[in-house]
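Residue-level structure breakdown
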Amino acid sequence: HAYGYAQLLEPQHPQHPQQHQQHQQMQQQDQHQPQQHQQQMQQGYAANAAAAFNQQQRPTQHQPSQSVQLPPGWERKVDPGSGSAFYINHATKTTQWEQPIPAAAPSKFCPGCGAKGTGAKFCANCGAPTPAATPQAVPAVQQHQQQLVVASQMWKPQNYTEMQMHNYHVEVGYQQAQTQPESTSIIASGRKKAVLIGINYFGTSSELRGCINDVQNMRELLQSEGFKHSDMVILTDDSRERQFMPTRDNILRACQWLVAGAQRGDVLFFHFSGHGSQQEDDTGMEADGMNETICPVDMRQIIDDELWSNLVYPLPTGVRLTAIMDCCHSGTGLDLPFDWHSGWREDENPSHSCGDVQLFSGCQDDQTSSDGDVERFKIGGAMTNAFIRAYKAQPFQPYPDFLERLRHNLRKAGFSQRPQLSSSQPFHVGDKVFSLTDGIVPNQNAQVGRMQRRKIRPNRNISSFFGGGSGGMVQAAVGVGMGVLLMDALFD
């Protein structure tokens with residue numbers, strides 16, 4: 001701002017002549033008033049100045065100046081949430097609330113001797129650089145800086161058993177974020193962490209057979225890639241310890257343990273094998289009117305908004321998270337904004353973040369995922385086994401080759417489900433090698449947060465939602481409830 005806070009508190013003389021005359025009369029009267037009255041007047045000035053200062057702090061309803069044009073590369077947009085105008089610099093991929101001021105036109109005369117310029121780089125009279133050869137600096141525009149608080153830095157890294165579960169929630173709205181070119185090299189820090197979740201739902205009508213096997217197979221793959229068993233949290237419903245049962249609270253706590261203290265160059269991994277489902281979305285954010293969910297062993301479902309808020313959004317730029325969701329309705333299971341369909345397709349209401357998060361889901365949002373694949377005489381999830389086979393088939397595969405091999409493995413095993421790749425960053429797929437531990441993509445999103453461009457009505461026709469591979473989830477709730485009671489009796 002043009003004035004400091006102390007200067008704003010000083011009484012300013014009105015600019016209008018009539019107001020100035022009134023102000024002088026008030027000053028003459030003040031000379032004959034008691035000191036208490038003068039103090040009241042000064043307090044009034046201070047209150048008015050403080051109110052004006054607070055009004056300047058609110059970046060709302062910025063109106064574009066009709067007399068000043070935007071510099072090249074700038075674009076004006078309107079925040080749908082507040083109606084305020086903001087400005088995007090496409091060259092630097094940054095944003096600001098205040099309207100940028102273009103550079104002043106260079107003078108035609110030499111600043112050294114005053115001679116008229118001829119268009120040359122140096123003055124023919126005195127030899128000084130001409131204004132055309134000396135770029136004019138764009139006047140600095142004071143911005144309303146919004147500090148991006150990264151939740152992963154608020155959560156102290158500690159043992160999983162010591163973590164306290166906090167269901168972090170991100171409301172609709174966004175903040176500015178720094179971006180870097182995709183070619184920026186990010187060196188891996190060597191820190192690796194993983195969360196593996198497998199739920200067979202023992203003793204229920206929706207019991208599965210291969211989810212715990214999926215966790216064991218995925219653990220072996222990660223250990224071959226340098227992940228340590230001590231840096232993994234494994235939640236399975238055959239555990240004899242309550243804190244490692246895949247309940248809703250434990251899953252959210254494990255997500256927060258995974259991202260807590262994440263720093264540039266860190267490599268993270270998340271794997272879920274179990275039942276997936278859907279719930280009606282009443283926020284108007286989802287394209288199909290439905291929230292995708294995962295089903296913990298206690299049947300207190302976790303929606304994709306919660307997974308995004310606790311697992312995706314907290315990550316800073318330069319951190320890689322690879323996720324595999326081997327469950328029904330998992331296409332957009334992490335609410336990532338970009339889906340790959342021979343090219344990136346952005347959600348109409350995107351949820352942007354800074355980290356490099358890539359999700360390989362077992363099927364589309366409207367599909368089911370099979371639990372009947374056999375690998376080494378053990379039943380497992382179709383997606384998990386296909387992923388492991390594809391990854392082991394050939395090192396340093398480009399993304400198109402890996403995705404095609406993944407789909408081929410599913411078709412070869414007789415499964416019709418279509419796996420889906422979604423991402424938090426729209427990186428170049430064609431010339432990039434897929435790796436679990438390398439190739440981290442820096443942040444490409446100038447604004448991060450939840451952006452609602454259009455409110456979408458919920459899909460009221462959800463009768464088919466309980467069919468397919470996740471069928472019987474409602475009917476199974478009673479059986480699972482009995483299983484939870486049995487679990488409570490076992491651990492109490």
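Each remark here, short or long, concerns the structure printed above.
Residues numbered from 1 in each chain as written. Predicted model: local features only at pLDDT ≥ 70, side-chain atom pairs only at ≥ 80, totals over all residues. Heavy atoms only, no water.

Re the packing of helix H6 (residues 248-259) against helix H7 (residues 304-312)
Where H6 contacts H7, the axes come no closer than 8 Å and their chain directions differ by 35°. Along the contact surface, H6 presents Arg248, Leu252, Cys255, Gln256, Leu258 and Val259, while H7 presents Glu306, Leu307, Asn310 and Leu311. (Axes fitted to C-alpha atoms, helices over the stretch in contact; angles between N-to-C directions. Helix = DSSP H or I, 4+ residues; strand = E, 2+ residues; numbered from the N terminus. Contact = heavy atoms within 4.5 Å.)

A look at the nonpolar core
Among the nonpolar cores identified, the biggest contains 47 residues, and Leu258, Phe270, Leu311 and Leu334 are the most heavily contacted of them. Of all the secondary structure elements, the ones that give two or more residues to this core are strand E5 (192-198), strand E6 (232-236), H6, strand E7 (267-273), H7, strand E11 (320-326) and strand E15 (356-361). With 7 residues, the single largest contributor to this core is H6. For Leu258, the contacting residues outside a window of four places in its chain are Lys193, Ala194, Val195, Leu268, Phe269, Phe270, Leu311 and Leu321. Counting residues in hydrophobic clusters, the runner-up holds 34 residues, among them Phe227, Phe269, Trp340 and Val441. (Core = buried A, V, L, I, M, F, W, Y, C linked by side-chain atoms within 4.5 Å. Buried < 20%, exposed > 50% of the residue type's maximum accessible area, 1.4 Å probe, protein only.)

Here we look at the packing of aromatic side chains
Considering all chains together, one arrives at 15 aromatic pairs under this definition. Taking 5.7 Å as the distance between ring centres and 85° as the angle between the ring planes, the aromatic pair formed by Phe360 and Phe402 counts as edge-to-face. Of this pair, Phe360 sits in strand E15 while Phe402 sits in helix H9 (residues 399-412), and the two are 42 residues apart along the sequence. Looking at Phe402, the relative accessible area reads 0%, which means it is buried. Here Tyr391 and Phe402 contribute two aromatic rings whose centre-to-centre distance is 6.5 Å and whose plane-to-plane angle is 85°, an arrangement assigned as edge-to-face. Note that Tyr391 is positioned in helix H8 (residues 382-393) and Phe402 in helix H9, a separation of 11 residues in sequence. Across the pair, exposure class does not vary: Tyr391 and Phe402 are buried alike. Taken together, the ring pairs in this structure connect Trp340, Trp344, Phe360, Phe387, Tyr391, Tyr399, Phe402, Phe427 and Phe434 into an aromatic cluster. If you follow Lys193 out to its NZ or CZ, it ends over the ring of Trp257, 4.4 Å from the centre. Directly above the ring of Tyr160 sits Arg253, whose terminal nitrogen or CZ lies 4.5 Å from the centroid. (Phe/Tyr/Trp six-rings, centres within 6.5 Å; stacked < 30°, edge-to-face > 60°. Lys NZ or Arg CZ within 6 Å of the ring centre and 35° of its normal.)

Re the pairing of strand E18 (residues 420-423)
Covered by surrounding structure in E18 are Gln420 and Ser422 together with Leu421 and Ser423, the residues of both alternating faces. Judged from the 2 bridges that link them, strand E12 (residues 338-340) and E18 form a sheet pairing that is antiparallel. Within E18, the residue paired with Phe338 across the bridge is Ser423. Sheet topology places E15 next to E18; 4 bridges connect them, and they run antiparallel. Bridging across to E18, Phe360 finds its partner in Leu421. (Pairing = 2+ DSSP bridges.)

A look at the packing of H8 against H9
One way to put it is that H8 packs onto H9 with a least axis distance of 9 Å and a crossing angle of 135°. Classified by the angle their axes make, H8 and H9 are oblique. Note on packing geometry: the crossing formed by H8 with H9 is right-handed. Contact with H8, carried on its side by Ala382, Met383, Ala386, Phe387, Arg389, Ala390, Tyr391 and Ala393, involves Phe402, Arg405, Leu406, Asn409 and Leu410 of H9 and no other residues of that element. Class assignment for the residues of the contact of H8 with H9 results in 10 nonpolar, 1 polar and 2 charged. (Parallel < 35°, antiparallel > 145°, perpendicular 65-115°, else oblique. Left-handed = near helix turned anticlockwise from the far one by under 90°. Nonpolar A, V, L, I, M, F, W, Y, C, P; charged D, E, K, R; others polar.)

Section: the sheet that holds E11
Spatial ordering of the open sheet is given by E6-E5-E7-E11-E15-E18-E12-E13, a layout of 8 strands whose pairing is mixed. Both edges of this open sheet fall to E6 and strand E13 (344-346), since each of them pairs with a single strand only. The sheet shows a mean angle of 15° between the axes of neighbouring strands, direction not considered. Packing against the sheet, H6 makes contact with E5, E6, E7 and E11, and its axis sits at approximately 165° to E5.

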